[in-house]
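Descriptive analysis of the structure
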Amino acid sequence: MTSLNLFSEEESLQPLPLGPQAVLLRGFALPLVPEILPALDAVTKTSPFRQMLTPGGRKMSVALSNCGRLGWVSDVHGYRYARADPLTGAPWPIMPDCFVRLARSAAEKAGFPGFEPDACLVNRYLPGARMGLHQDRNERDLGAPIVSVSLGMSATFLFGGLRRNEPAGRAVLHHGDVVVWGGVDRLRYHGILPIKGPPHPLLGQQRINFTFRKAE
Ligand code: MD3
Ligand code: FE
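**Observations regarding the site of ligand 1**
Around ligand 1, the surrounding shell holds 19 residues, and the nearest of these are N123, Y125, D136, H190 and R207. Note that an oxygen atom of ligand 1 is positioned 3.2 Å from one of the side-chain N or O atoms of H134. The side chain of R207 places a nitrogen or oxygen atom 2.9 Å from an oxygen atom of ligand 1. Burial of ligand 1 by the surrounding chains reaches 98%, relative to a free accessible area of 490 Å². For ligand 1, the cavity whose grid points lie within 2 Å of the majority of its atoms is the largest pocket.

And the structure:
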């Protein structure tokens, strides 16, 4: 043996494939965190986090905001992308430049050059918040990947197959981790287990996730 492997595969700093065209880039966002946090504060000052209703009339445990030309919204009429924030009636805040650079560079590293997201959904999880298994299929161009960035408290991410009943794999997502989902993995079922565990040194008792999408 030439070198001792001090990490389990799960904790290694190498890109970890979660599927044929899905990859977990451990800590990829860390160098940009000092730029991202103030930009995120500006976004959520304009379009505050709020809990939306599902089409079934239940309040989501996750609170959300958006930036970019389009924002993902949900109410009793269904899920869709909208140009204006229903809370304020104003356009969503512009996607900060450091967000765009992060999305592009992660997509390129995962084999999807030229990614130009027009929507960024920002999710905020407080302890106990969760997201049930679902597919993301409200985007017109399913050829474009989704880039997901995790900040704050860690979370257990579930990734299943193309049908809801297939067994789901698990990965723990930490502060600074980025996951890129494209191609054959784009329509996989996925979700987040209820958030628990120690508070994060910078962000306290919350987890923030943003997902970059090409919605139109
Ligand atoms: C796999 N968010 O906003 S990010 C969502 O952590 C969403 O807030 C979760 O699922 C979160 O829709 C998971 C990871 C993720 C995002 C989109 C995907 C995984 C995906 C789309 C297709 C397949
Ligand atoms: Fe999703």
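Moving on from the model shown.
**Focus on the side chain of D185**
Inspection of the secondary structure assignment puts D185 in the loop between β12 (178-181) and β13 (190-192). A polar contact is formed between the side chain of D185 and the backbone nitrogen of Q21, at a distance of 2.5 Å.

**Details of the sheet that holds strand β10 (residues 155-159)**
With antiparallel pairing, four strands are arranged side by side in an open sheet as β8-β13-β10-β11. Of all strands in the sheet, those with a lone pairing partner are β8 (131-134) and β11 (169-173), marking the two edges. Across the sheet, the axes of successive neighbouring strands diverge by a mean angle of 20°, strand direction being ignored. When β10 meets β11, the two strands line up antiparallel, connected through five bridges. Looking at β11, one finds that F157 is bridged to A171.

**Structural notes on the layout of surface pockets**
One number sums up the size of the largest pocket: a volume of about 880 Å³. The wall of the largest pocket is formed by 38 residues, among which M131, G132, H134, D136 and H190 lie closest to the centre. When contributions to the lining of the largest pocket are tallied by element, the ones reaching two or more residues are β4 (59-67), β7 (119-125), β8, β9 (146-152), β12, β13 and β14 (207-213). In terms of residue class, the lining of the largest pocket is made up of 14 nonpolar, twelve polar and twelve charged.

**Here we look at helix α2 (residues 97-109)**
Taking 1.5 Å per residue as the helical rise, α2 with its 13 residues ought to reach 18 Å, and the 18 Å between its terminal C-alpha atoms agrees with that figure. For α2, the complete set of buried residues consists of C98, F99, V100, L102, A103, A106 and A107. Just downstream of α2, G111 is the residue with a positive phi angle, here 95°.

**Section: the nonpolar core**
Among the nonpolar cores identified, the biggest contains 33 residues, and F99, F210 and F212 are the most heavily contacted of them. Sorting the residues of this core by element identifies β2 (22-25), α1 (33-46), α2, β7, β9, β12 and β14 as the ones contributing at least two each. The element contributing the most residues to this core is α2, with seven residues.

**Remarks on the pattern of salt bridges**
This structure, assessed with the given rule, holds 13 salt bridges. The salt bridge partner of D75 is R80, with a shortest N-O separation of 2.7 Å. For D75, a relative accessible area of 22% corresponds to the partly exposed category. Judged by relative accessible area, which is 33%, R80 ranks as partly exposed. Taken together, the shared-partner salt bridges connect R69, R83, D118 and E216 into one network.

Parameters at a glance
- Residues numbered from 1 in each chain as written.
- Chains lettered and ligands numbered in written order.
- Predicted model: local features only at pLDDT ≥ 70, side-chain atom pairs only at ≥ 80, totals over all residues.
- Heavy atoms only, no water.
- Near = heavy atom within 4 Å.
- Polar contact = N/O pair within 3.5 Å; in protein donor to acceptor, adjacent residues only side chain to side chain.
- Areas by Shrake-Rupley, 256 points an atom, 1.4 Å probe, with all protein chains shown as cover.
- 1 Å grid on protein atoms, 1.4 Å probe; cavity = no way out; pocket = protein on both sides within 12 Å on 5 of 7 lines; lining within 4 Å.
- Sits in = over half its atoms within 2 Å of the grid points.
- Helix = DSSP H or I, 4+ residues; strand = E, 2+ residues; numbered from the N terminus.
- Pairing = 2+ DSSP bridges.
- Axes fitted to C-alpha atoms, helices over the stretch in contact; angles between N-to-C directions.
- Points joined across faces, edges and corners; volume = space filled by probe spheres on them.
- Nonpolar A, V, L, I, M, F, W, Y, C, P; charged D, E, K, R; others polar.
- Expected span 1.5 Å × (residues − 1).
- Buried < 20%, exposed > 50% of the residue type's maximum accessible area, 1.4 Å probe, protein only.
- Core = buried A, V, L, I, M, F, W, Y, C linked by side-chain atoms within 4.5 Å.
- Salt bridge = Lys/Arg side-chain N within 4 Å of Asp/Glu carboxyl O.

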